[in-house]
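Overview (structure and organization)
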Amino acid sequence: MKNEKNKKMTRDLTVGNPALCILSFQIPMFLGMLFQQLYSMVDAVIVGKFLGLLPLAGIGATGSICFLIIGFCNGLSNGFAIPVAQMFGAKKYTELRKFVANTVWMGAFFAVVISVATVILCKPILRLLSTPSDIFEYSYIYLVILFAAIPFTILYNSAAAVLRALGDSKSPVLFLAFSSFINIALDVLFIGFIGMGVEGAAIATMISQAVSGVACVIYMYKKFEILHITKDEWRFERSYSNKLCYIGVPMGLQYSITAIGTMVIQKAVNDCGSLAVAGMTAAQKINGIITCPIEALASTMATYVGQNVGAKKIDRLGKGLTAANIMGFGVSIFMFVLMIFFGKPMSMLFLEADELEALNYSYLFIVISSGFYILLTIVGNYRFSIQGMGYSDFAIIAGVLEMVARIIAGTVLAGVFGYIGVCFASPLAWIFADVFLIPAYFYSKKKIKRELGID
């Protein structure tokens, strides 16, 4: 009876048509990422409309720093779930629960350390990025509250990652949907009615993340008997925590190393003035939304590959990757055409129609970026496939290459071409990463075959 219930709640990605497995798993992932972007988008829309251009630019100036820190937390959480997916595919449920238990211990440790350190270093980092003086306080207030909420961020992302490792990509979406509505209501309440500033948007996000995280954990305990951890399984074990860190930390560092390059780009944009910052902010919000299908495909590959490696079904990896690439290429072309015609109207969600210079900055960035989404598809699908095999150290190398590309764009290209040089930072980074990741994938596939004793 217990096994039958577990089968109903989980999803085995090691059987069935790879393309259908990936698509059915990806759709809820896409919706979940869309709701996550909704948190950020609603903050920007309400701040831009109620508080004005400078507070909006203040929030926008925190983007690269958030990518540095929050990106590490997200990568860490997703990395912790890879061994869980592998144990699920191998049907080793005792080991699975031990990995989950040690995820709790390691997640709590990283949450406290990262939150305390970033709150303390918040102002020095903003000064290092030459954040314009007229938006500095807005950036600081918003950022310090988000950093104080990092434990909630790690709580939700770790819980959701474990559910996805078990093949359940739907439940996390429901919690995010609920918390997104809470976020919208609190934004309107705090800013529109109470009259709070950017701190209202940050507090609304913090409360929403806390709600989604706690709800997800309660649901896991009540619905997934496979996750009912015994007293012995709750013990901290170095071998399990070492494996978690071996995969999770490189995945987190991948985002952070890439973010260093993004911070160089942010400084280049800051040097162009507050209007450029506001335009870039609007474009990045749009970019975050329209790339959700591509990002969801990539994240799906980590679970898909992880489960199939655990089941020793290596022949399914290539079939799944091909299917994911075809889907991603189709989405990339569609989004590019969409942005050519609707990029500027979408920017008006965040900017007023008479703010022509900021609108032009936004439109230029989003059209150039979307023209290279096929490269982004390759980055995501190959990178997460490699991570699903357990070789997260390759993610650091790819992250370093992306960082180098963005530094080149933020210094050389921005110095020669100005803002348009900044717009080519991401495409250049994707090219650098792809040149490494494609051969790294085939090397990793051969290596995992040797480790598993498969000809």
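Anything mentioned here points back to the structure above.
1. Section: the overall build of the protein
- Within the protein, the secondary structure is distributed over 18 helices and 0 strands.
- Against the 2.2 N^0.38 benchmark of 23 Å for 455 residues, the protein shows a C-alpha radius of gyration of 21 Å, consistent with a compact globule.
- The principal-axis extent of the C-alpha atoms belonging to the protein is close to 60 × 45 × 35 Å.
- In the protein, which comprises 455 residues, the proportion classed as buried is 58%.
- Carbon and sulfur atoms provide 70% of the accessible area of the protein, an area that totals close to 17800 Å².
- Here the protein contributes 34 positive and 25 negative side-chain charges, whose respective centroids are spaced 11 Å apart.

2. Looking at helix α14 (residues 356–370)
- For α14, with 15 residues, the first-to-last C-alpha span of 21 Å sits near the 21 Å given by 1.5 Å per residue.
- Looking only at α14, the buried set comprises Ala-358, Leu-359, Tyr-361, Ser-362, Phe-365, Ile-366, Val-367, Ile-368, Ser-369 and Ser-370.
- In this structure, the buried residues of α14 make contact with α11 (274–290), α13 (315–347), α15 (373–388), α17 (419–423) and α18 (425–452).

3. Points about the nonpolar core
- Leu-96 and Leu-227 are the most contacted members of the largest nonpolar core, which totals 139 residues.
- The greatest single-element share of this core, amounting to 15 residues, is contributed by helix α4 (residues 63–90).

4. A word on a nonpolar patch on the surface
- Together, Leu-364, Val-400, Val-404, Ile-408, Val-412, Val-416, Phe-417, Ile-420 and Phe-424 give the surface a local cluster of nonpolar side chains, amounting to about 700 Å² of exposed area.
- At 6 residues, the largest contribution of residues to the nonpolar patch is made by helix α16 (residues 393–417).
- When you line up the elements, Leu-364 lands in helix α14.

5. Quick notes on α15
- The end-to-end C-alpha distance of α15, which contains 16 residues, comes to 22 Å, matching closely the 22 Å that a straight helix rising 1.5 Å per residue would cover.
- Burial analysis of α15 places 14 of its 16 residues in the buried class, the great majority of the element.
- Looking one or two residues beyond α15, the residue adopting positive phi is Gly-390, at roughly 100 degrees.

6. A few points about the packing of aromatic side chains
- Taken as a whole, this structure holds 15 aromatic pairs when the rule is applied.
- Here Phe-80 and Phe-110 contribute two aromatic rings whose centre-to-centre distance is 6.4 Å and whose plane-to-plane angle is 50 degrees, an arrangement assigned as tilted. Residue Phe-80 is located in helix α4, and its partner Phe-110 is located in helix α5 (residues 93–128); the two are separated by 30 residues in the primary sequence.
- Note on Tyr-382 and Tyr-441: the rings are 5.4 Å apart at their centroids and 85 degrees apart in plane angle, and the pair reads as edge-to-face. Of this pair, Tyr-382 sits in helix α15 while Tyr-441 sits in helix α18, placing them 59 residues apart in sequence.
- A network of ring pairs unites the aromatic residues Phe-72, Phe-80, Phe-109 and Phe-110 as a single cluster.
- When the ring centre of Tyr-140 is taken as reference, the NZ or CZ atom of Lys-123 above it lies at 4.7 Å.

What counts and what doesn't
- Residues numbered from 1 in each chain as written.
- Predicted model: local features only at pLDDT ≥ 70, side-chain atom pairs only at ≥ 80, totals over all residues.
- Heavy atoms only, no water.
- Helix = DSSP H or I, 4+ residues; strand = E, 2+ residues; numbered from the N terminus.
- Rg over C-alpha atoms; globule rule 2.2 N^0.38 Å.
- Buried < 20%, exposed > 50% of the residue type's maximum accessible area, 1.4 Å probe, protein only.
- Areas by Shrake-Rupley, 256 points an atom, 1.4 Å probe, with all protein chains shown as cover.
- Lys, Arg positive; Asp, Glu negative; His and termini not counted.
- Charge placed at Lys NZ, Arg CZ, Asp CG, Glu CD.
- Expected span 1.5 Å × (residues − 1).
- Contact = heavy atoms within 4.5 Å.
- Core = buried A, V, L, I, M, F, W, Y, C linked by side-chain atoms within 4.5 Å.
- Patch = residues over 30% accessible without salt bridge, like charges linked within 9 Å, V, L, I, M, F, W, Y side chains within 5 Å.
- Salt bridge = Lys/Arg side-chain N within 4 Å of Asp/Glu carboxyl O.
- Phe/Tyr/Trp six-rings, centres within 6.5 Å; stacked < 30°, edge-to-face > 60°.
- Lys NZ or Arg CZ within 6 Å of the ring centre and 35° of its normal.

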